[in-house]
Amino acid sequence: MSSIRRLDYFVCGTCINHQQMIFKKEPAKELIFPAGVYLIEHAEKGYMLYDTGYASEVMRPTLRNLAYRLPNPIQMTEADTIDAQLRAQGIGTEDIGIVFVSHLHPDHIGRLKAFTKAQFILTKDCYQTYLKSRFRELVFRDYFPDDFAERLIILDLTQKSEVVEGQNCLDVFGDGSVIVYSLDGHARGQLCLHLPERGILLAADTLWRLAFINKLDKMRLIPRFIQQSYPAYLASAQVLKSFLAAGVRVLVSHEEPARVREVLYG
Ligand SMILES: [Zn+2]
């Protein structure tokens, strides 16, 4: 019997980027990056989220928001929040027992505060970033609930992956249904979820689009610089290649919605 009863996808805000600003020798093209959120229903653990998308507060005209939105204009409304979209499906914020936090960027943690009953799962390295949170790591401290620290589960990945040689992981519930990986590069300790029953890896911002995997040598300096470590970014792209070679379908957080829906719903 399968443990993952449901895996659904929500677009919780979008931002605009330009292909020619990310890669050299590419034609001008506007790219819309959705902030993807996943809802997982586990047979025993109930409803869980992978990230929470943007907060609608990001549209308020504060200095910080204007500076944040300047390079990548954002589209976001109250109705786009993950809690509003769940409510429309009859799922209350109190029904979410666990939120896997991939990393601490604003488009992933926007609505943490809405989930007052949830425990938050982070990798050990991501927790270190939370403790330090320098500006370059783009951590908006006011996005965290006041009792965030009390509701944290910090994971130490002590098991050996059966999919990728030399990679550590953790079978979080001990039933083989949700395997956590930590892929550095974009952000330290970025939490990725392998769902073997579905043959899917949720890979946050390991890449902004899976299709970018073969042109990373053409990436411009600024997008390289905004990664936590570009060498680690390249190494994590190799890990994704190992997953793909093993027949696992990789979904990154800012993937084209049409591709995500094709993978999830066929
Ligand atoms: Zn990010």
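The protein carries the name MBL fold metallo-hydrolase in an unreviewed UniProt entry, which gives Streptococcus caprae as its organism. The UniProt entry for the protein carries the following text under Cofactor (unreviewed entry): "Zn(2+)". UniProt, in its Sequence similarities (unreviewed entry) section for the protein, records the words "Belongs to the metallo-beta-lactamase superfamily."

*Asks:* Help me understand the layout of surface pockets in this model?
*Replies:* Which parts of space are left empty comes out when a probe the size of a water molecule is rolled across the atoms. When its volume is computed, the largest pocket comes out at roughly 1100 Å³. Every residue lining the largest pocket is counted, 40 residues in all, and those nearest its centre are Pro-71, Asn-72, Leu-138, Trp-208 and Ile-226. Every element with two or more residues in the lining of the largest pocket is listed here: strand S1 (4-18), helix H1 (19-22), helix H2 (63-69), helix H4 (106-109), helix H5 (124-132) and helix H6 (221-225). Tallied by class, the residues present in the lining of the largest pocket amount to 22 nonpolar, 10 polar and 8 charged. Approximately 180 Å³ is the volume found for the second largest pocket. Considering the residues around the second largest pocket, the lining is formed by Ala-55, Glu-57, Val-58, Arg-60, Thr-62, Arg-64, Asn-65, Gly-110, Arg-111, Lys-113, Asp-142 and Tyr-143.

*Asks:* Help me understand the sheet that holds strand S8 (residues 159-160) in this model?
*Replies:* Whether parallel or antiparallel, the strands of a sheet pair through hydrogen bonds between backbone atoms. Strand order across the open sheet formed by 6 strands is S8-S9-S10-S11-S12-S13, with mixed pairing between neighbours. With partners counted over all chains shown, the strands left at the sheet margins are S8 and strand S13 (249-251), one partner each. The sheet contact formed by strand S9 (residues 168-171) and strand S10 (residues 179-182) spans 2 bridges and is antiparallel. Paired with Asp-171 across the two strands is Ile-179, which belongs to S10. In the packing of helix H7 (residues 230-245) onto the sheet, contacts are made with S10, strand S11 (191-195), strand S12 (200-202) and S13, and the angle to S13 comes to roughly 140 degrees. This element, helix H8 (residues 257-265), spans S12 and S13 of the sheet and lies at about 140 degrees to S13.

Procedures and definitions
- Residues numbered from 1 in each chain as written.
- Predicted model: local features only at pLDDT ≥ 70, side-chain atom pairs only at ≥ 80, totals over all residues.
- Heavy atoms only, no water.
- UniProt positions renumbered as here; feature names shortened; annotations may be inferred.
- 1 Å grid on protein atoms, 1.4 Å probe; cavity = no way out; pocket = protein on both sides within 12 Å on 5 of 7 lines; lining within 4 Å.
- Points joined across faces, edges and corners; volume = space filled by probe spheres on them.
- Helix = DSSP H or I, 4+ residues; strand = E, 2+ residues; numbered from the N terminus.
- Nonpolar A, V, L, I, M, F, W, Y, C, P; charged D, E, K, R; others polar.
- Pairing = 2+ DSSP bridges.
- Contact = heavy atoms within 4.5 Å.
- Axes fitted to C-alpha atoms, helices over the stretch in contact; angles between N-to-C directions.

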